Amino acid sequence: MYVHPIYTHYVYTMYTLYNKETKTTSPNITKYERAKILGVRTEQLNNNAVANVDVPKHITNVRKIAELEFYQKKIPFMIRRRLPDGTYEHWRLSDFKNL
């Protein structure tokens, strides 16, 4: 799989310049963001992605595995929120308070 170097640089700078103290929006995740995160992560797990948590033997449903990762804040996603002035604000899943 080829990844363009400009995209790689963008992701690298987004993660390195991340500062959770300069946020303007609420640190609460919305139901729409939660649904999107769980849906995308469930699809990744369906396509043989490795789970980021220890999965008990009795859990075989990938949706339940995605929920385990979500509530343990182990999903490596960034939430991108659009602000009224047209700029964006990035949040790590681990910085939300209402999981």
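Coordinates for the structure precede this section.
Residues numbered from 1 in each chain as written. Predicted model: local features only at pLDDT ≥ 70, side-chain atom pairs only at ≥ 80, totals over all residues. Heavy atoms only, no water.

Structural notes on unusual backbone geometry
Positive phi, normally seen in glycine, also occurs at Asn48, with a value near 70°. You can see Asn48 is positioned in the loop between helix H2 (31-46) and helix H3 (62-71). The phi angle at Lys73 is positive, at roughly 55°, despite the residue not being glycine. Checked against the element boundaries, Lys73 lands in the loop between H3 and strand E1 (78-82). (Helix = DSSP H or I, 4+ residues; strand = E, 2+ residues; numbered from the N terminus.)

Concerning the pattern of salt bridges
For the coordinates displayed, the defined rule picks out three salt bridges. We note a salt bridge from Arg81 to Glu33, for which the minimum N-O separation is 2.8 Å. With Arg81 in strand E1 and Glu33 in helix H2, the pair connects residues that are 48 residues apart, well separated along the chain. According to the relative accessible area criterion, Arg81 is buried, its value standing at 10%. Here Glu69 makes a salt bridge to Arg41, at a shortest N to O gap of 2.6 Å. Of this pair, Glu69 sits in helix H3 while Arg41 sits in helix H2, placing them 28 residues apart in sequence. With a relative accessible area of 0%, Glu69 lands in the buried category. Residue classification places Arg41 among the buried positions, given a relative accessible area of 4%. (Salt bridge = Lys/Arg side-chain N within 4 Å of Asp/Glu carboxyl O. Buried < 20%, exposed > 50% of the residue type's maximum accessible area, 1.4 Å probe, protein only.)

Considering the side chain of Glu89
Turning to its location among the elements, Glu89 is positioned in strand E2 (residues 88-92). For the buried Glu89, no salt bridge exists, and the shortest N-O distance to an oppositely charged side chain is 5.0 Å, to Arg81. Of the polar contacts made by the side chain of Glu89, one reaches the backbone nitrogen of Thr24; its length is 2.6 Å. If sequence neighbours within four positions are ignored, Glu89 has contacts with Thr22, Lys23, Thr24, Thr25, Ile79, Arg80, Arg81 and Leu83. (Lys, Arg positive; Asp, Glu negative; His and termini not counted. Polar contact = N/O pair within 3.5 Å; in protein donor to acceptor, adjacent residues only side chain to side chain. Contact = heavy atoms within 4.5 Å.)

Here's the deal with the nonpolar core
One finds Ile29, Ile37, Phe70, Ile75, Leu93 and Phe96 to be the most contacted residues of the largest nonpolar core, which totals 15 residues. Looking at this core, the elements with two or more residues in it are H2 and H3. (Core = buried A, V, L, I, M, F, W, Y, C linked by side-chain atoms within 4.5 Å.)

Side note on the pairing of E1
Side-chain direction in a regular strand flips from residue to residue, so the side chains alternate between the two faces of the sheet. Across five bridges, E1 lies against E2 in antiparallel orientation. Paired with Arg81 across the strands is Glu89, a residue of E2. Here E1 folds back onto E2 in antiparallel fashion, the turn holding five residues, of which Gly86 has a positive phi close to 95°. (Pairing = 2+ DSSP bridges.)

Quick word on the environment of Lys23
With respect to the helices and strands, the residue Lys23 is situated in the loop between helix H1 (5-16) and H2. Along the backbone, Lys23 and Trp91 are 68 residues apart, and their C-alpha atoms lie at a distance of 8.5 Å. Not counting residues up to four positions away in its chain, the partners in contact with Lys23 are Tyr18, Glu89, His90 and Trp91. Here His90 takes part through its backbone oxygen, which lies 2.2 Å from a polar atom of the side chain of Lys23.

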